[in-house]
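# Structural characterization, general
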Amino acid sequence: MGLTRSDTILKYIVEYFIKNAQPVGSHTLIDEYHLPYSSATIRNEMFALEKMGYIEKTHSSSGRVPSSKGYKYYCKYLRDKGIDEALKNSLQVVLEQKVRSVEEVIKESCEILSHMTNLVSVVTGSKDSVERLANVQLIQISDNTLTAVFVTDKGYVENKTFIIPSTIKSEEVVDCVKILNDRLKGTPVNELVDKMEALKPVLNDYVVSHDIVYQALLETFIRFAGDRLSLYGRDELFNQPEFRNDAEKLQEVFKLLSDKSLFKEVQGTKLDEGKEKVVLNIGETNPDVSMVTTTFKIGDGEESTITMVGPTRMDYDKVLSALEYITDELNKYFDELNKGGNDSDA
C-alpha cells in the first residue's frame, strides 16, 4: 500500500533535510521531488504535521525541519531500508577470514560502519562475569622493555608495556607471569583484581623489587575488568557540518563519547522491527546528537552493543539498514563459530 499524502510529504522533508541540512519549504518540495500537489496543499499538510509535532519551524526561515518525533516516525514507517552493496562486500571480506579474534572481527566491522556512514561507532563489551582469563603472555621488546598480553576465553585482548629497572632480572618477571597463569587461569574477569591483590605476598617471594611489575600488571587487570568501551571513526564527526563549523558543539559530542555509563545503559525509544532490539535516542541526551543502538550475541548468554553516534540529521535509513545488516551477520558469524567450537570439543 502506498504512502498517504501526509506521509509522503513528511518523508521528503526528512530526506531533504538529512541531505542538505537546510529547512524545507513547500516550493522546495515541489521542485526537488516533483510532487503533484499545489503549494497551498503542501503548506496545509505541513501545518498539520507541525501541529502533530512531526516537524518544527525554525527561527531563521519559513521552512520546516524534522522533530525528534518526526525522525522516529520516519524510521519506523517511511524509510526505504536499502542496504549498501559496498558495505555488504566489505563485511563479507572480514567475516570470511575465520582466523580472527572476537576483538578483531568487531573492530573491523565497526570501522566499516563508521566509514560507510560518516558516524562514530561505539562498542560496549560483553558482561565480564561470563568471561574468563585464558592466559597471560610475556613479550620482550628490548633488554628492559616488556609487554604483558592478557587474553580471555572469548578472544578479548588487553596489553600493557612497561620498563623494568636494571635491578630486576627479566627471569624474575617471567616467574611472576608463570605464577599469574598458574593461579589466575580460568578466573572470571570481574574477579581478577581481587585475586591479583591476594597474590601480592606470593609474588614478593619471587621478585624482591616487585612493585613496578605488580603495579603495571594490576593496572592492566583493572582496565581489563572495567567497562569495555571502544570508539571507531571518531574523526568522521569532522565531516558533519553541524560539528565541523562549531567547535563548542564538537567538544560537547567528544565529552558525550567519553561517558561510559551512558553507553552502558542506553535509553531511548525501541524500534519494534526486525529480530534485533534497536533503540533510538534522537536529541534526548544532547539536542544536537542522535544515538542508534542495537545488540548482537558473541556467545551463550553474552551480548555486546553497537551504538552509532552523530548529528540528529544523520541518514537514519542508511544507518539503520547498515546496523541491522551488520549485527545480523555478526550474530550468524559468532553462532557458527560457537557451534564449530562445540563440535570440535565433542
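Further up the page is the structure itself.
In this report, we go over the structure that sits alongside the text. (Residues numbered from 1 in each chain as written. Predicted model: local features only at pLDDT ≥ 70, side-chain atom pairs only at ≥ 80, totals over all residues. Heavy atoms only, no water.)

With that out of the way, let us pick up the sheet that holds strand β7 (residues 229-232). Overall, antiparallel pairing links the six strands, which are arranged β7-β3-β11-β10-β9-β8 in an open sheet. Edge positions in the open sheet fall to β7 and β8 (269-271), since each of these has one partner strand only. Between one strand and the next, the sheet's axes are offset by a mean angle of 25°, whatever the strand orientation. Bridging between strand β3 (residues 120-124) and β7 involves four bridges; their strand directions are antiparallel. Residue pairing for β7: S121 is matched across the bridge by Y232. Along the sheet, helix α4 (residues 68-78) makes contact with β8 and β9 (278-286), crossing β9 at roughly 165°. (Pairing = 2+ DSSP bridges. Helix = DSSP H or I, 4+ residues; strand = E, 2+ residues; numbered from the N terminus. Axes fitted to C-alpha atoms, helices over the stretch in contact; angles between N-to-C directions. Contact = heavy atoms within 4.5 Å.)

Looking at the secondary structure, you find K72 in helix α4. Non-local contacts of K72, meaning those with residues more than four positions away in its chain, are made with T269, L280, I282 and E284.

This part covers the pattern of salt bridges. With the rule as written, the count across this model stands at 14 salt bridges. One salt bridge in this structure joins R64 and E50, with 2.9 Å as the shortest N-O distance. In this pair, R64 is assigned in strand β2 (residues 64-66) and E50 in helix α3 (residues 39-51), connecting sequence segments 14 residues apart. The salt bridge partner of K88 is E85, with a shortest N-O separation of 3.6 Å. Pair noted here: K88 and E85 are both in helix α5 (residues 85-96), with a separation of three residues, about one helical turn. (Salt bridge = Lys/Arg side-chain N within 4 Å of Asp/Glu carboxyl O.)

All right, on to the packing of α5 against helix α6 (residues 102-117) then. In a pair of packed helices, the angle between the axes and the distance between the axes together describe the arrangement. Where α5 meets α6, the axes come as close as 10 Å, and the angle between the chain directions of the two elements is 165°. By the angle between their directions, the pair α5 and α6 is classed as roughly antiparallel. Relative to α6, the crossing made by α5 is right-handed. Along its contact with α5, which presents A86, L87, S90, L91, V94 and L95, the element α6 presents V105, E108, S109, I112 and M116. By residue class, the composition of the contact of α5 with α6 is eight nonpolar, two polar and one charged. (Parallel < 35°, antiparallel > 145°, perpendicular 65-115°, else oblique. Left-handed = near helix turned anticlockwise from the far one by under 90°. Nonpolar A, V, L, I, M, F, W, Y, C, P; charged D, E, K, R; others polar.)

Formed by 54 residues in total, the largest nonpolar core has its most connected members in V292, I306 and Y316. Per-element tally for this core: the top contributor is helix α14 (residues 316-345), with ten residues. Among all residues touching V292, those that are not within four sequence positions of it are V278, V279, L280, I306, T307, M308, M314, Y316, V319, L320 and L323. If you look at the next biggest cluster of nonpolar residues, it comprises 24 residues, including A148, V177, L180 and A216. (Core = buried A, V, L, I, M, F, W, Y, C linked by side-chain atoms within 4.5 Å. Buried < 20%, exposed > 50% of the residue type's maximum accessible area, 1.4 Å probe, protein only.)

Tallied over the entire structure, the rule returns seven aromatic pairs. On the numbers, 4.9 Å between centres and 45° between planes, the contact of Y71 with Y316 is tilted. A residue pair is termed long-range when its members are at least 10 positions apart, and Y71 in helix α4 and Y316 in helix α14 qualify at 245 residues. Y316 carries the same exposure label as Y71, and that label is buried. Ring plane angle 15° and centroid distance 6.3 Å describe the contact between F296 and F334, whose orientation is recorded as stacked. Taken together, the residues F296 in strand β10 (residues 289-299) and F334 in helix α14 connect sequence positions 38 residues apart. (Phe/Tyr/Trp six-rings, centres within 6.5 Å; stacked < 30°, edge-to-face > 60°.)

On to helix α7 (residues 170-184). Between its first and last C-alpha atoms α7 spans 21 Å; for 15 residues at 1.5 Å apiece the expected length is 21 Å, and the two agree. Those residues of α7 that fall on the buried side of the exposure criterion are S170, V173, C176, V177, I179, L180 and L184. One or two residues past the end of α7 sits G186, with phi positive at roughly 90°. (Expected span 1.5 Å × (residues − 1).)

The N-to-C vectors of helix α1 (residues 5-20) and helix α2 (residues 26-33) enclose an angle of 85°; their axes lie 11 Å apart at closest approach. When the axes of α1 and α2 are compared, the pair comes out roughly perpendicular. Contact with α1, carried on its side by I9, Y12, I13, E15, Y16 and K19, involves T28, L29, E32 and Y33 of α2 and no other residues of that element. Tallied by class, the residues present in the contact of α1 with α2 amount to six nonpolar, one polar and three charged.

Remember that the coordinates give geometry; whether it matters functionally is a separate question.
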